[in-house]
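Structural overview for review
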Amino acid sequence: MAGAEQSAGGELADFRKRVEELRSARTLPSQEQQPMLDAALFELQHVVDVLLPRYEELAAAAGRSNGPRAGTEEQQLLRALFQRTPCVVALLDPDTVVRRLNFAGTILFGMRAGYATGRPLTGSLAPEVRAAFRSQVAAVARNEGDRSMAVRLLRTPEGPGEPLRATMTALRPPQEPGNAVLTVFHTGGGAFPAHDMLSGNRTWREDEHPVNHTEHQRDCAAAPPARRTVPPARRVPDTPRRVSRAHLAEVTQGAELLDLLDDTTTALLSGPPAGPAADPGTPPASVERAVRVLAGRFADWVVLDEAAPAEKPDPDGHAHGALRRTLVLGPKEDDALAAALAGQDPADCPLVDNAARTGSRALQARPDDMAAFGHDEKGAHFLARAAVTSLLCVPLREPDGPVRGVLTLFRTGARRAFSLAEAGVVDRLSRHLGLALRDTRP
């Protein structure tokens with residue numbers, strides 16, 4: 001494009017020079033002007049045949065280049081508008097999977113936009129409203145009209161989850177066959193003042209006014225201090241102080257996890273040496289002591305399943321028999337739920353069965369699949385009954401050995417989700433328990 005413009009510009013400049021020479025030929029005698037007239041006609045034909053078509057091509061190419069550029073600028077404007085609107089806005093697939101989440105939504109749901117993309121939004125909602133929300137989103141995606149419903153966030157450490165009003169409408173993304181669902185979540189009166197809006201390294205409250213620091217410093221340098229009329233915004237603690245607090249919290253959590261691992265190992269090694277359990281329906285005493293350290297202190301629910309020895313190994317060389325539930329520990333006020341969990345066949349629990357077969361671990365925050373841990377006799381899912389907000393499921397195995405059991409931990413209600421650091425500690429503990437279970441069965 002640039003080369004074509006330079007070539008056309010050069011030819012036009014040469015054409016102008018030739019026209020000036022022809023204009024000066026008017027002073028020649030009339031008998032000598034005939035060749036100049038022929039040359040002028042030739043130049044006019046050159047304009048019609050060469051210069052004018054080339055100009056039209058350049059004009060059309062400029063129009064085509066300006067079109068995408070204008071479209072890109074329009075997309076950037078719409079993207080900025082979507083991100084900075086003070087309402088919580090999410091673009092969902094028909095199955096509630098997040099495609100886009102704006103800045104206010106990341107604050108409300110407590111997750112980054114990159115983390116939320118590709119995950120079901122129902123994981124951030126209370127279990128009792130998830131099915132209804134999925135149904136309404138699917139109906140809107142089928143062009144059955146706009147919908148609005150009341151939902152509630154998961155329970156937080158401060159109390160019950162915040163009630164929200166979700167308003168949904170269908171829109172068709174360009175070059176896609178199906179609809180997406182644009183969902184707006186209204187908090188309180190419909191605005192979004194209840195949550196602090198982070199901007200860079202500053203936290204602005206309602207009584208503060210964000211300023212452009214570069215322009216503010218330039219204005220201060222240009223004008224005397226006495227002429228300033230805009231008072232400086234009140235500052236909140238700077239980033240280094242917040243980073244120091246976060247670092248202190250990480251150090252504290254690391255020390256707590258180290259104490260937990262030490263206490264469980266001490267409980268595992270204390271008392272008589274490991275041996276077969278007195279009752280086949282209960283775990284060995286040393287294993288039970290170690291697992292009880294986790295109950296209440298680290299998890300609200302602790303479920304232990306042990307594998308009987310297998311007659312022959314599987315194709316991977318690992319051997320484990322049928323699972324049986326030997327221990328269930330939970331809150332004292334939930335004896336009925338504890339009894340139902342104790343009576344469940346581990347084979348009916350997809351999460352436990354998968355861990356025993358494949359030896360894989362599972363860490364889920366805000367589990368979306370309520371059927372992952374099975375259901376009771378009435379068909380109620382155990383994860384919903386226990387109001388599980390985070391779970392951790394690890395196989396108990398010695399290094400390069402067969403799976404000898406599965407340990408599942410639940411956190412419910414207002415407790416925070418299991419972190420990767422906590423999952424790492426449980427993974428180390430699972431190896432200790434696997435070694436303890438190695439020779440405990442006859």
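Residues numbered from 1 in each chain as written. Predicted model: local features only at pLDDT ≥ 70, side-chain atom pairs only at ≥ 80, totals over all residues. Heavy atoms only, no water.

1. Focus: unusual backbone geometry
In this structure, T96 takes a positive phi of about 70° despite not being glycine. Within the element layout of this structure, T96 appears in the loop between β1 (88–92) and β2 (98–101). (Helix = DSSP H or I, 4+ residues; strand = E, 2+ residues; numbered from the N terminus.)

2. Structural notes on the pairing of strand β8 (residues 301–307)
The buried fraction of β8 amounts to seven of the seven residues, a majority that puts the element mostly inside the structure. Sheet topology places β8 next to strand β12 (residues 403–412); six bridges connect them, and they run antiparallel. Each residue of the ladder has a partner; that of W301, found in β12, is F410. Relative to strand β9 (residues 323–329), β8 runs antiparallel, the two sharing six bridges. Across the sheet, residue L304 finds its bridge partner in β9, namely L327. (Buried < 20%, exposed > 50% of the residue type's maximum accessible area, 1.4 Å probe, protein only. Pairing = 2+ DSSP bridges.)

3. Points about the sheet that holds strand β10 (residues 362–365)
One open sheet accounts for five strands, arranged β9-β8-β12-β11-β10; its pairing is antiparallel. The outermost strands of the open sheet, each flanked by one partner alone, are β9 and β10. Pairs of neighbouring strands in the sheet enclose a mean axial angle of 15°, with direction left out of account. Sheet topology note: the strand β11 (residues 388–397)/β12 ladder contains nine bridges and is antiparallel. Of the residues in β12, the one forming a bridge with S390 is R411. Of the strands in this sheet, β8 and β9 touch helix α9 (residues 335–342), which is tilted by about 165° from β9. (Axes fitted to C-alpha atoms, helices over the stretch in contact; angles between N-to-C directions. Contact = heavy atoms within 4.5 Å.)

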